Amino acid sequence: MIRSRSRLFIFLGALLFGLAASPSAHAADGASFVSQSMQSTLTTGETRSVSVTMQNTGTTPWTEAGGYKLGTQNPQDNILWMGATRVYLNPGEVVAPGASRTFTFDITAPTSVGTYNFQWRMVHEGVAWFGAFTPNVVITVTAPAPYNSQFVSQTVPATLTAGQTASVSVSMKNTGTNVWTAAGNYRLGSQNPQDNGTWGLGRVDLAPGESIGRSGQKTFTFNITAPATAGTYNFQWKMLQEGQTWFGELSPNVAISVAPPSVTLCPGIVVTPDGTTDLGPAIQYCINATVSGGTLELPAGTYGIATQVLINKPLTLRTQGLAGVSANCEAPGLTCAVLKALPTFNANVGGFLAVESTHDVAIDHLVLDGNRAARLGTTAASQCAGGNNRYGFNSRMSDCTFCRFTHSVSRNALCGTGLEFRGNDGTLIHNVFRSNGQNATSNMWADGLTIHFSDGVTVSDNVFVDNSDVALILGGGRNAVVTNNAISQPGQVVFAGLMLDNFNGGTSGDFTGAVVTGNTIDCTAARNCHFGINLGPHAWYRSTPILGGDVHGNTVFAGRQGINVDGAGTAAAPLILYGNTVSGSAPGSASFLCGSHSTSNLNINPADSVVNRNGDTTPMTAFVWHDCP
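As the structure is a computational prediction, the values presented were derived from the model and not from experiment.

The rules behind each value
- Residues numbered from 1 in each chain as written.
- Predicted model: local features only at pLDDT ≥ 70, side-chain atom pairs only at ≥ 80, totals over all residues.
- Heavy atoms only, no water.
- Helix = DSSP H or I, 4+ residues; strand = E, 2+ residues; numbered from the N terminus.
- Rg over C-alpha atoms; globule rule 2.2 N^0.38 Å.
- Buried < 20%, exposed > 50% of the residue type's maximum accessible area, 1.4 Å probe, protein only.
- Contact = heavy atoms within 4.5 Å.
- Phe/Tyr/Trp six-rings, centres within 6.5 Å; stacked < 30°, edge-to-face > 60°.
- Pairing = 2+ DSSP bridges.
- Axes fitted to C-alpha atoms, helices over the stretch in contact; angles between N-to-C directions.
- Disulfide = S-S within 2.5 Å.
- Salt bridge = Lys/Arg side-chain N within 4 Å of Asp/Glu carboxyl O.
- Core = buried A, V, L, I, M, F, W, Y, C linked by side-chain atoms within 4.5 Å.
- Polar contact = N/O pair within 3.5 Å; in protein donor to acceptor, adjacent residues only side chain to side chain.

Comments concerning the overall build of the protein
Reasoning step 1: Counting its regular elements, the protein contains four helices and 59 strands.
Reasoning step 2: Rg of the C-alpha trace for the protein: 37 Å, well past the compact-globule value of 25 Å for 629 residues, more than 25% over.
Reasoning step 3: Overall size of the protein, expressed as C-alpha extent along the three principal axes, is 135 × 55 × 45 Å.
Reasoning step 4: Taken over 629 residues, the protein has a buried fraction of 49%.
Reasoning step 5: Put simply, 72% of the contacts in the protein that link residues at least 6 apart link residues at least 24 apart.

Details of the packing of aromatic side chains
Reasoning step 1: This model, assessed by the stated rule, comprises 24 aromatic pairs.
Reasoning step 2: When the ring of Phe-118 is compared with that of Trp-120, the centres are 5.7 Å apart and the planes differ by 65°; the resulting orientation is edge-to-face. Grouping residues by exposure puts Phe-118 and Trp-120 together as buried.
Reasoning step 3: Judged by centre distance (4.6 Å) and plane angle (40°), the ring pair of Phe-495 and Trp-540 falls under tilted.

A look at the sheet that holds strand 43 (residues 463-465)
Hydrogen bonds along the backbone pair up the strands of a sheet, which may run parallel or antiparallel.
Reasoning step 1: The 11 strands lie next to each other as 26-28-31-34-37-40-43-46-49-52-55, forming an open sheet whose pairing is parallel. Whereas interior strands pair on both sides, the edge strands pair on one side only; in this sheet they are strand 26 (274-278) and strand 55 (581-583). Between one strand axis and the next, the sheet turns by 15° as a mean value, whatever way the strands run.
Reasoning step 2: Of the pairings in the sheet, the one linking strand 31 (residues 337-341) to strand 34 (residues 366-369) comprises four bridges and is parallel in character. Within strand 34, the position partnered with Leu-339 by the bridge is Leu-368.
Reasoning step 3: In the packing of helix 2 (residues 280-289) onto the sheet, contacts are made with strand 26, strand 28 (302-305) and strand 31, and the angle to strand 28 comes to roughly 100°.

Side note on the pairing of strand 41 (residues 446-452)
If a strand is regular, its side chains alternate between the two faces of the sheet.
Reasoning step 1: With respect to burial, strand 41 is a largely interior element, seven of its seven residues being buried.
Reasoning step 2: Where strand 38 (residues 416-422) lies against strand 41, six bridges are found, and the strand directions are parallel. Looking at strand 41, one finds that Thr-417 is bridged to Asp-447.
Reasoning step 3: As paired elements, strand 41 and strand 44 (residues 470-474) share three bridges and run parallel to each other. Bridge pairing in strand 44 places Leu-449 opposite Leu-472.

Let's talk about the environment of Ala-572
Reasoning step 1: Its place among the elements puts Ala-572 in the loop between strand 53 (561-565) and strand 54 (575-578).
Reasoning step 2: Measuring from C-alpha to C-alpha, the distance between Ala-572 and Ala-28 comes to 101 Å, with 544 residues separating the pair along the chain.

Quick notes on the sheet that holds strand 21 (residues 237-241)
Reasoning step 1: As summarised here, the arrangement of the four strands in space is 17-16-21-22, forming an open sheet in which the pairing is antiparallel. Single-partner strands in this sheet number two, and they are strand 17 (203-205) and strand 22 (245-247). For this sheet, the mean inter-axis angle between neighbouring strands, taken without regard to orientation, is 35°.
Reasoning step 2: Where strand 16 (residues 186-190) lies against strand 21, five bridges are found, and the strand directions are antiparallel. Bridge pairing links Tyr-186 to Gln-241 in strand 21.

Some points on the pairing of strand 9 (residues 114-124)
Reasoning step 1: The element strand 9 is largely enclosed, with a buried count of eight among its 11 residues.
Reasoning step 2: Relative to strand 9, strand 5 (residues 68-73) runs antiparallel, the two being bridged by six bridges. The residue of strand 9 that forms the bridge with Gln-73 is Gln-119.
Reasoning step 3: In this structure, strand 9 lies alongside strand 11 (residues 137-142), joined through five bridges in antiparallel fashion. The partner of Asn-117 across the bridge, within strand 11, is Val-138.
Reasoning step 4: Bridge count between strand 9 and strand 10 (residues 128-130): three bridges; the pairing is antiparallel. Its bridge partner lying in strand 10, Met-122 is registered against Phe-130.

Things to note about the state of the cysteines
Reasoning step 1: Evaluated as defined, the whole model comprises six disulfides.
Reasoning step 2: One disulfide bridge connects Cys-594 with Cys-628, the sulfur atoms lying 1.8 Å from each other. Where Cys-594 bonds to Cys-628 through sulfur, the torsion about that S-S bond is close to -75°, and the disulfide is left-handed. Of this pair, Cys-594 sits in the loop between strand 56 (589-592) and strand 57 (595-598) while Cys-628 sits in the segment after strand 59 (611-612); the two residues are 34 residues apart in sequence, bridging distant segments of the chain.
Reasoning step 3: Bonded cysteines in the protein are paired 1-2, 3-4, 5-8, 6-7, 9-10, 11-12 when counted in the order they occur along the chain.

What to know about the pattern of salt bridges
A side chain with one charge may pair with a side chain of the opposite charge, provided their charged atoms come close.
Reasoning step 1: Scanning all chains against the criterion turns up 19 salt bridges.
Reasoning step 2: As a salt-bridge pair, Arg-86 and Asp-77 come within 2.6 Å of each other at their nearest N and O atoms.
Reasoning step 3: Given a relative accessible area of 11%, Arg-86 falls into the buried group.
Reasoning step 4: Here Arg-613 ties to Asp-616 by a salt bridge, and the two come within 3.7 Å at their closest N and O atoms.

Focus: the nonpolar core
Reasoning step 1: Counting residues in hydrophobic clusters, the biggest one holds 69 residues, and the most contacted among them are Leu-265, Leu-298, Tyr-303 and Leu-535.
Reasoning step 2: Top contributing element to this core by residue count: helix 2, with four residues.
Reasoning step 3: Ignoring anything within four residues of it in the chain, the contact list for Tyr-303 reads Val-263, Leu-265, Val-271, Pro-273, Leu-279, Ile-283, Leu-298, Ala-337, Val-338, Leu-339 and Lys-340.

A look at unusual backbone geometry
Reasoning step 1: Cis geometry is adopted by the peptide bond preceding Pro-75, which originates at Asn-74 and carries an omega value of 0°.
Reasoning step 2: Here Pro-75 is to be found in the loop between strand 5 and strand 6 (86-88).
Reasoning step 3: Between Asn-192 and Pro-193 the backbone carries a cis peptide bond, its omega angle lying at 0°.
Reasoning step 4: By the element assignment, Pro-193 lies in the loop between strand 16 and strand 17.
Reasoning step 5: A positive phi angle, close to 55°, is found at Asn-74, a residue other than glycine.
Reasoning step 6: Mapped onto the fold, Asn-74 is located in the loop between strand 5 and strand 6.
Reasoning step 7: We note that Asp-461 has phi near 60°; this positive angle belongs to a residue other than glycine.
Reasoning step 8: Along the chain, the position of Asp-461 falls in the loop between strand 42 (458-460) and strand 43.

Side note on the side chain of His-124
Reasoning step 1: Inspection of the secondary structure puts His-124 in strand 9.
Reasoning step 2: Judged by relative accessible area, His-124 falls into the buried class, the value being 11%.
Reasoning step 3: Ignoring any residue separated from it by four or fewer positions in sequence, one finds His-124 in contact with Asp-29, Gly-66, Gly-67, Tyr-68 and Phe-130.

What to know about the side chain of Ser-190
Reasoning step 1: For Ser-190, the position within the fold is in strand 16.
Reasoning step 2: Given the relative accessible area of 1%, Ser-190 is considered buried.
Reasoning step 3: Separated by 2.7 Å, the side chain of Ser-190 and the backbone oxygen of Asn-196 make a polar contact.

A look at the environment of Ser-211
Reasoning step 1: One can find Ser-211 in strand 18 (residues 211-212).
Reasoning step 2: With near-sequence residues (within four places) excluded, Ser-211 lies in contact with Val-179, Trp-180 and Thr-181.

Below is the structure:
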């Protein structure tokens, strides 16, 4: 009787196993393979986390109570990787038809070297195996190397404030045969780039007497200090034996965002210059609260501007701590406050920083960033494209006498100009005007610096790079001084590097007593200037000729047309032109917006211009340059 019962149990067990292994799945069960993640090489005894994702393509939900599991294959029901044959769903979990389930679990490599199969399939326990097999992966198991480590985990903040100290941890597992000790110079070292000190240290030591053998783990817990400058910085580490070798896995890189600290603009106004918040109203409040003739200093940081900042009284606005510094804001090691137009700045006001109808205003050591790339596609950009370029200005200083713009940068204007200036006895020196506008798109171009009829203005020692309409253009300035400015166009085309104009007016282009000398215009080998220097409006529009001006001692390289004079000088106020150098000779013929045109190093249209060459005998042509913007 006992023997009969044993035979019955054996028979029932075989029946159940046969059902689980049956090739004919239940009609309601279906599964497709989605993805899997595992290492193709392991060392003997190494433990790794793997994942297998399967999709329920049947009509019955998968549940733990219903007996749905992921099971080993190749061979079926092997215990090679886990010491078990199944990976379970969670109690109460439901994988509905059409849904996917990722099974994440640990595997441990065999203790013998060799190659081993890794393959899985869904099983409805006691019913049938069903659905697709996972693709078989042949995992190579090797003997452990002396030096090896495996990343386990880390605790790292995603954001910090500049200068903030925070505790972090990085856990590494010894998967080599060497024993890690402090005496053996085993350490955690900084990466990305290797040996960096971004976080205030480049090495983290083991504790004295600590010993981490094979399969042991070490959690390095240490303090980091965020850089002083806001930005995004890499946090990544790796094991090394100092003086011998780096080894094992890198920790996953974490890009930590470092935000600027809060700063006080003026009494009662504390802000965070993060470049995304509209701080225009805060700056405006502090300007209004500053006494006439006083100074407002902005701590270094990036101040988003969606609301125009307006100055209409004598005032100095500059970066905190830079009074008296002679270098401009692009000088190495110099950090200036940045006023940055936000994408929402869409006002027809001629710039996000404006100075109007006042005197003795100084803008010093500031960066004005039009944030052009982020503002494309906005209302402001569509206004630019339609011809209303006031939406795209960075700044204007209008009807401002004895005003100064110094040691600053104006860049990335959407369209129009980096700075529009109008005011007698102004000073614009030691600035940078860079990448304003885009020449390749109609109406999206911008001057670097636009000066309107400003008598006695001084424009000196400025740098102009890759502006897109005219790098430096003046519409009038009796007794103006324009000297030692460096203009270059390595990356985009410009109508002219330097131009004396009248903005299509009848009386504004008066340059009597003005001197333009010592300026360099480098159009580069790509000939990215239509005109190196253009004197007079007629190449653009046929309005009244400009008056006077002494243009000598300037250098032009590789303009399509080197120097052009058309609509400059009258008998009573001739243009004085001599001693200029043109190299990289004009090509003889070139393409312009008005079509192909003959070119030369020096062209003067005598029908529309009166020029005193002061004895200069440089060969010239007499082409007519009309209506060729």
